[in-house]
Amino acid sequence: QRTAMPGTGCNLPIPIETHETVNFTGIRSVEKRTTMLTQDENIVELAFSVQYRINNAEDYLFNVENPDIPGDRTCRFGSRSTICGVLDSAIRDVVGKNKMDYILREGRTEISNTTETLMQQVLDSYQAGIQVTTVNLQDSQPPDAVQDAFHITFVVKRFSPLGHQDVKSNGITRRFPLTAIAPAI
């Protein structure tokens with residue numbers, strides 16, 4: 001293992017020595033769609049996009065096996081790249097410590113920032129030679145199976161003069177028929 005500087009140089013034949021050129025100027029990105037459990041034991045579907053660049057070629061090439069997989073922009077289940085594993089771990093940590101309503105509404109920016117910070121801390125501890133530039137929470141929503149129920153609960157919470165507990169105990173359909181709520185949305 002060695003790092004060569006720019007310019008002319010000699011390489012041994014391929015079975016003995018290989019070389020890899022690292023692009024420092026390019027921004028790379030990966031995307032991840034996942035379903036996770038929140039602190040209040042709700043399930044939420046999330047879509048993240050991470051942009052990163054290489055800031056140390058020697059660390060990137062020699063300290064971590066499979067830091068990223070060139071050309072693979074989607075972190076799939078079982079992906080062997082370090083960047084996908086770190087992203088998955090950071091998302092699970094951050095989402096697991098927050099409630100669903102916070103994740104879906106006012107906490108989107110903080111979720112992204114905390115995930116970025118945590119990812120960078122882990123990558124630095126690995127000495128991976130990767131600098132995370134941005135983490136974007138592109139989409140967050142309840143799973144499709146409960147989307148309608150979640151929407152009704154949101155509308156009732158927002159427009160209820162009585163409060164959420166009273167609405168739950170009296171039943172949504174008796175207090176707020178959907179025909180009365182739908183025009184307000």
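Before reading on, note that the structure itself is shown above.
All residue numbers refer to position in the chain's written sequence, counted from 1. Owing to the predicted nature of the model, reporting of local features is limited to residues with pLDDT of at least 70; listing and counting of side-chain atom pairs is limited to 80 or more, with chain, interface and lining totals taken over all residues. Excluding hydrogens and water, the side-chain values take into account all heavy atoms of the structure.

Chemist: Could you give an account of the overall build of the chain, with specific residues and numbers?
Modeler: The way it works is that DSSP assigns letters per residue, a run of H or I at least four long becomes a helix, a run of E at least two long becomes a strand, and they are numbered from the N terminus. When helices and strands are tallied, the chain shows 8 helices and 3 strands. Walking the chain from its N terminus toward its C terminus, one meets helices and strands in the order β-β-α-α-α-α-β-α-α-α-α. Think of it in three bands: with a 1.4 Å probe and only protein chains considered, a residue is buried below 20% of the maximum accessible area for its type, exposed above 50%, and partly exposed in between. The burial tally for the chain puts 33% of its 185 residues in the buried class. We call two residues contacting when some pair of their heavy atoms lies within 4.5 Å. Restricting the contact set of the chain to residue pairs at least 6 apart, pairs at least 24 apart contribute 65%. Accessible surface computed for the chain: about 11800 Å², of which carbon and sulfur atoms make up 51%. With residues, only the protein chains shown are counted as cover, and all accessible areas are computed by Shrake-Rupley using a 1.4 Å probe.

Chemist: Go over the sheet that holds strand S2 (residues 43-54), please, and point to the residues and values.
Modeler: At least two bridges found by DSSP between two strands is the condition for calling them paired. Read from one edge to the other, the open sheet built from 3 strands follows the order S1-S2-S3, with strand pairing classed as antiparallel. Unpaired on one side and paired on the other, strand S1 (28-37) and strand S3 (130-141) mark the two borders of the sheet. Strand-to-strand twist in this sheet, taken as the mean axis angle between neighbours without regard to direction, amounts to 20 degrees. Sheet topology note: the S2/S3 ladder contains 10 bridges and is antiparallel. Across the sheet, residue Val-50 finds its bridge partner in S3, namely Val-135. Docked against the sheet, helix H2 (residues 82-96) engages S1, S2 and S3, running at close to 40 degrees with respect to S1. Note on geometry: axes are C-alpha line fits, over the in-contact stretch for helices, and angles between N-to-C directions span 0 to 180 degrees. Helix-sheet contacts for helix H4 (residues 108-126) involve S2 and S3, and the interaxial angle to S3 is about 145 degrees.

Chemist: Got a sec to walk through the pairing of S2? Specific residues and values, please.
Modeler: Bridge count for S1 against S2 is 10 bridges, and the pairing is antiparallel. Across the sheet, Ser-29 pairs through a bridge with Gln-51, a residue of S2. Linking S1 to S2, which pair antiparallel, is a turn of 5 residues; within it Glu-41 sits at a positive phi near 60 degrees.

Chemist: Before we move on, can you summarise H2 with the specific residues and values?
Modeler: The span you would expect from a helix comes to 1.5 Å times its residue count less one. Between its first and last C-alpha atoms H2 spans 21 Å; for 15 residues at 1.5 Å apiece the expected length is 21 Å, and the two agree. Along H2, the residues classified as buried are Thr-82, Ile-83, Cys-84, Val-86, Leu-87, Asp-88, Ala-90, Ile-91, Val-94 and Val-95.

Chemist: Could you give an account of the pattern of salt bridges, naming the residues involved and the relevant values?
Modeler: The term salt bridge refers to a pairing of a side-chain nitrogen on Lys or Arg with a carboxyl oxygen on Asp or Glu at a separation within 4 Å. As enumerated under the stated definition, the model contains 6 salt bridges in all. The salt bridge partner of Lys-32 is Asp-88, with a shortest N-O separation of 3.5 Å. Placement of Lys-32 in strand S1 and of Asp-88 in helix H2 is noted, with a sequence separation of 56 residues between them. We note a salt bridge from Asp-101 to Arg-105, for which the minimum N-O separation is 3.3 Å. What makes Asp-101 partly exposed here is its relative accessible area of 30%. Among the residues examined, Arg-105 registers a relative accessible area of 31% and is labelled partly exposed. Three or more residues are tied together by salt bridges with common partners; here these are Lys-32, Asp-88 and Arg-92.

Chemist: Before we move on, could you go through the state of the cysteines and cite the residues and values that matter?
Modeler: By convention in this document, the label disulfide applies to cysteine sulfur atom pairs within 2.5 Å. Summed over the entire model, instances satisfying the criterion amount to 1 disulfide. In this model, Cys-75 is linked to Cys-84 through a disulfide, with the two sulfur atoms separated by 2.1 Å. Taking the sign of the S-S torsion, about -75 degrees here, the bridge from Cys-75 to Cys-84 comes out left-handed.

Chemist: How would you summarise the side chain of Ser-29 if you had to cite specific residues and measurements?
Modeler: In this structure, Ser-29 sits in strand S1. Filtering out sequence-adjacent residues up to four positions away, Ser-29 remains in contact with Val-50, Gln-51, Tyr-52 and Arg-73.

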